[in-house]
Amino acid sequence: MRLTNAIDLKLKDAEVIYYPNFFTTKEANTLFEALLNEVKWQQDTIKMFGKTHLQPRLTAFFANNQNRYKYSNIIMQPEMFNANLSRIKTIIENELKIEFTSCLANLYRTGNDSNGWHADNEKELGEQPIIASVSFGAERVFHFKHRTDKQLKHKLILQNGSLLLMQGDTQNNWLHQIPKTKKTIGKRINLTFRIIA
């Protein structure tokens, strides 16, 4: 039921499927409010071009093991999954038939919060990372661009309750971002489930 209305983005050198209605609006709204209030959100600093900046969003990291996650010179120590995150994780695993160990959570507070061009290709994610990305709250634009073929770009609106599955060679061949927007926009929570063995 949750995997109905699947949209294969048919990106070259990638495997990306979008499920716009993975969670119902009621489920998504309830989970959004719970996670907003119960997660210990933090704002890390990142170093870019020799300068230190506050990361333009809040984050939290969870795992069912002790394996930390390192990206952009940030080292995140995992917390245990709480009840709501465990429930979301179980639903996703049962539907996709994939077991995840970890989850990087992001809170975008306004349209000024963002995530610049990057790939989720850190060594600890393996040669072909599998990322299951769930969105709750305000819709945001999600951009893809191919690493070598500059003509290949794609734009997607990530809806409340949606699931975006990226696997295969996606992270090796494509970059993605959540750009800033000047529009007045509400909060968005993004849960990116990963496998860090």
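As a reminder, the structure under discussion sits directly above these lines.
The structure displayed is predicted, hence computed values, not measured ones. (Residues numbered from 1 in each chain as written. Predicted model: local features only at pLDDT ≥ 70, side-chain atom pairs only at ≥ 80, totals over all residues. Heavy atoms only, no water.)

(A) Structural context of the side chain of Q167. Mapped onto the secondary structure, Q167 falls in strand β13 (residues 163–167). Beyond its immediate chain neighbours, meaning those up to four positions away, Q167 contacts E15, I98, P129 and I130. (Helix = DSSP H or I, 4+ residues; strand = E, 2+ residues; numbered from the N terminus. Contact = heavy atoms within 4.5 Å.)

(B) Up close: the pattern of salt bridges. The full count for this structure, using the stated rule, is 4 salt bridges. For the salt bridge of E93 with K89, the shortest nitrogen-to-oxygen distance reads 2.8 Å. With E93 and K89 both in helix α2 (residues 83–96) and 4 residues apart, this pair spans about one turn of that helix. Both residues of the pair, E93 and K89, belong to the buried class. (Salt bridge = Lys/Arg side-chain N within 4 Å of Asp/Glu carboxyl O. Buried < 20%, exposed > 50% of the residue type's maximum accessible area, 1.4 Å probe, protein only.)

(C) Broad picture of the packing of helix α1 (residues 25–38) against α2. α2 packs onto α1 with a crossing angle of 140 degrees between their chain directions and a minimal axis gap of 10 Å. When the axes of α1 and α2 are compared, the pair comes out oblique. Of the two possible hands of crossing, α1 and α2 adopt the one that is left-handed. Across the interface between the two elements, E27, L31, A34, L35 and E38 from α1 touch N84, L85, R87 and I88 from α2. Residues belonging to the contact of α1 with α2 are distributed by class as follows: 5 nonpolar, 1 polar and 3 charged. (Axes fitted to C-alpha atoms, helices over the stretch in contact; angles between N-to-C directions. Parallel < 35°, antiparallel > 145°, perpendicular 65-115°, else oblique. Left-handed = near helix turned anticlockwise from the far one by under 90°. Nonpolar A, V, L, I, M, F, W, Y, C, P; charged D, E, K, R; others polar.)

(D) Looking closely at the pairing of strand β14 (residues 174–178). Burial analysis of β14 places 5 of its 5 residues in the buried class, which makes it a mostly covered element. Burial along β14 is two-sided: the residues W174, H176 and I178 and L175 and Q177 are all buried. With 2 bridges connecting them, strand β9 (residues 115–118) and β14 associate as antiparallel partners. The residue bridging N115 from the neighbouring strand is I178, located in β14. (Pairing = 2+ DSSP bridges.)

(E) Main features of the pairing of strand β11 (residues 140–146). Across the two faces of β11 the burial differs, with R140, F142, F144 and H146 buried and V141, H143 and K145 not buried at all. The pairing of β11 with strand β12 (residues 153–158) spans 6 bridges and is classified as antiparallel. Bridge pairing in β12 links R140 to L158. Between the end of β11 and the start of β12, which pair antiparallel, lie 6 residues. Note that β11 and β14 share 4 bridges and pair antiparallel. Counted as the bridge partner of K145 is L175 from β14.

(F) Summary view of the nonpolar core. Within the largest apolar cluster, 31 residues are counted, with the highest numbers of intra-cluster contacts made by F23, I88, I92, L96, F136, L191 and F193. Among the elements of the structure, α1, β5 (58–63), α2, β8 (102–108), β10 (131–137), β13 and β15 (188–194) are those that each provide at least two residues to this core. It is α2 that provides the largest number of residues to this core, a total of 5 residues. Grouped together as the second largest cluster of nonpolar side chains are 23 residues, I46, I74, L164 and I196 included. (Core = buried A, V, L, I, M, F, W, Y, C linked by side-chain atoms within 4.5 Å.)

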